[in-house]
Amino acid sequence: MFLYLRSISEDKPGQKWQDTFERTWPHYKKWFLQEGYSSRPGYLTSSEALEHHMPELHSLFNELCEIAGGGDVEARFLSQYCPPPFMSGCSQIAWTRDANFLIRNYDYSPRLFEGVFLKTNWLKPVIGVSDCTWGLLDGMNADGLAISLTFGGRNISGQGFGIPLVMRYVLETCSTTKEAIDVLSRVPVHMSYNVTILDKDKHFVTVFLSPDRPVSIVDTCIGTNHQHSIEWEDYGAMSATLPRMQFLESCLYNPEETRRTIKQKFHHPPLYNTQFEKSFGTLYTAVYDLEKMECQLRWPGKKKRFSFDHFEEEKLQINLSKLFFNKRLAI
């Protein structure tokens, strides 16, 4: 089982973004229309919602719509307003004891992974793992702000935006954790998500987002796949969200844990997962280091470094089955 990841640098939307869109659009279109053409909001509703809630992105949205061909379905998809439900796994922690970085495991199906690590300079320099062609699963900006998301573990959806676009919006418009909290407190999301935020001054927080109740700002550096309690029992058991949370808490309160050892922990159970058939295998570990201002993408025995000044474009092929096999031998 292979994971393919392209690192792409393009300051403004152009041919590289268009190539990514055309490569992924057949898959996204099938997902976006899975409940029928009329199940998604119309273009005017979607465009107006985006302009109202994230006005700084609206001209960029129009530009991307043109590059994508100007079609109605393409534009509604790109608005990310009330998309179909989607969820993933994930574990994350903002580590500030002897360093200042946000580290996370992204657990999902490799068959559904967009596979793009993108460096842009749209409103400000941003690097991160792309989703829905212009949203982000995690990332950092040149101001020294890093964010990462996890699914919130609630089987409910409502009116709001897909979280990857909101993540993009935060990094394009915010410089501090406080500013990010302000944005997340006012932009509606269509499902429950947990967003961990860290800035260059080591200010961290995890924000619990839901479409049906007020935003909850939690003074914690940890996020897994539940919020204040486990509300979806089957998902909670399958994802082992509580054991992962408890494990990260034990690392946090262990005085012998260091920047080096916590990174190693993310490549071992219970944080490292191999349930790919259940869309719950660890596809990558991302470390956003706000002291070095670089990102490391890590796998057991392999890592790649990227920064705003040194960003190599390449196509990585990761043999997830081999990594899993080698890990089993090493344990």
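Bear in mind the structure is a predicted one, so any value in this text is a computation, not a measurement.

Q: What is the right way to read the overall build of the protein from this model?
A: The number of helices and strands found in the protein is 10 helices and 16 strands. Looking at the protein residue by residue over its 331 residues, the buried ones come to 59%. Contacts spanning at least 24 positions in sequence make up 69% of the contacts within the protein whose residues lie at least 6 apart. Of the side-chain charges in the protein, 36 are positive and 39 negative, and the distance between the mean point of each set is 7 Å.

Q: I would appreciate a short explanation of the sheet that holds strand S6 (residues 135-141) in the present structure.
A: Two orientations exist for strands paired in a sheet by backbone hydrogen bonds: parallel and antiparallel. One open sheet holds the nine strands; their spatial order is S10-S9-S8-S7-S6-S5-S4-S1-S16, and the pairing between them is mixed. Single-partner strands in this sheet number two, and they are strand S10 (216-218) and strand S16 (314-319). Averaged over all pairs of adjacent strands, the angle between strand axes in this sheet comes to 20 degrees, irrespective of strand direction. As paired strands, strand S9 (residues 204-209) and S10 are joined by three bridges and run antiparallel to one another.

Q: Looking at this model, I keep getting lost on the environment of arginine 6. Mind explaining?
A: Structurally, arginine 6 can be placed in strand S1 (residues 2-9). Along the chain, arginine 6 and glutamine 317 lie 311 residues apart, while their C-alpha atoms are 8.9 Å from each other. Apart from the residues lying within four places of it in its own chain, the contact partners of arginine 6 are Arg23, Gly115, Val116, Phe117, Glu314 and Lys315.

Q: Before we go on, may I ask you to explain helix H8 (residues 241-252) in this structure?
A: Every α-helical turn comprises 3.6 residues, leaving residues that sit three or four positions apart pointing alike. The end-to-end C-alpha separation of H8 is 17 Å, in line with the 16 Å expected for 12 residues at 1.5 Å each. Taken together, the buried positions of H8 are occupied by Thr241, Arg244, Met245, Leu248 and Cys251. For H8, the angular spread of buried residues about the axis comes to 120 degrees, placing them on one side. Elements in contact with the buried residues of H8: strand S2 (91-95), strand S11 (222-223), helix H7 (233-239), helix H9 (259-265) and strand S13 (280-289).

Q: Hey, could you run me through the nonpolar core in this one?
A: As a rule of thumb, nonpolar side chains are buried together in soluble globular proteins. Trp17, Phe77, Leu78, Trp134, Ile163, Val195 and Ile197 are the most contacted members of the largest nonpolar core, which totals 55 residues. If one sorts the elements of this core by residue count, helix H5 (residues 163-173) sits on top with seven residues. Every residue in contact with leucine 78, bar those within four places of it in the chain, is listed here: Trp17, Phe21, Phe61, Leu64, Cys65, Ala68, Thr133, Trp134 and Leu165. Judged by nonpolar contacts, the second largest core, of 44 residues, contains Val129, Cys221, Leu248 and Leu297.

Q: Is there a simple way to explain the pattern of salt bridges in this structure?
A: Pairing is possible between side chains of opposite charge, provided their charged atoms come close. Overall, the coordinates contain 15 salt bridges when judged by the stated rule. Of the charged contacts, one joins aspartate 143 and lysine 124 as a salt bridge, the two residues approaching to 2.6 Å between their closest N and O atoms. Here aspartate 143, found in the loop between S6 and strand S7 (145-151), pairs with lysine 124, found in the loop between strand S4 (116-121) and strand S5 (125-131); they are 19 residues apart in sequence, far enough to count as distant. On the basis of relative accessible area, aspartate 143 is assigned to the partly exposed category, the value being 27%.

Q: Got a minute to help me understand the pairing of S13 in this structure?
A: Looking along a regular strand, one sees the side chains alternate between the two faces of the sheet. Within S13, 10 of the 10 residues are buried, which leaves the element mostly enclosed by the surrounding structure. As paired strands, strand S12 (residues 274-275) and S13 are joined by two bridges and run antiparallel to one another. Among the inter-strand pairings, threonine 274 is bridged to a residue of S13, identified as glycine 281. Counted between consecutive antiparallel strands, the loop separating S12 from S13 contains four residues, among which serine 279 sits at a positive phi close to 60 degrees. By the bridge criterion, five bridges tie S13 to strand S14 (residues 294-299) in an arrangement that is antiparallel. Note on S14: the bridge partner recorded for threonine 285 is arginine 298. Here S13 hands over to S14 after four residues, with methionine 293 in that stretch at a positive phi of 55 degrees.

Cut-offs applied
- Residues numbered from 1 in each chain as written.
- Predicted model: local features only at pLDDT ≥ 70, side-chain atom pairs only at ≥ 80, totals over all residues.
- Heavy atoms only, no water.
- Helix = DSSP H or I, 4+ residues; strand = E, 2+ residues; numbered from the N terminus.
- Buried < 20%, exposed > 50% of the residue type's maximum accessible area, 1.4 Å probe, protein only.
- Contact = heavy atoms within 4.5 Å.
- Lys, Arg positive; Asp, Glu negative; His and termini not counted.
- Charge placed at Lys NZ, Arg CZ, Asp CG, Glu CD.
- Pairing = 2+ DSSP bridges.
- Axes fitted to C-alpha atoms, helices over the stretch in contact; angles between N-to-C directions.
- Expected span 1.5 Å × (residues − 1).
- Arc of directions from axis to C-beta.
- Core = buried A, V, L, I, M, F, W, Y, C linked by side-chain atoms within 4.5 Å.
- Salt bridge = Lys/Arg side-chain N within 4 Å of Asp/Glu carboxyl O.

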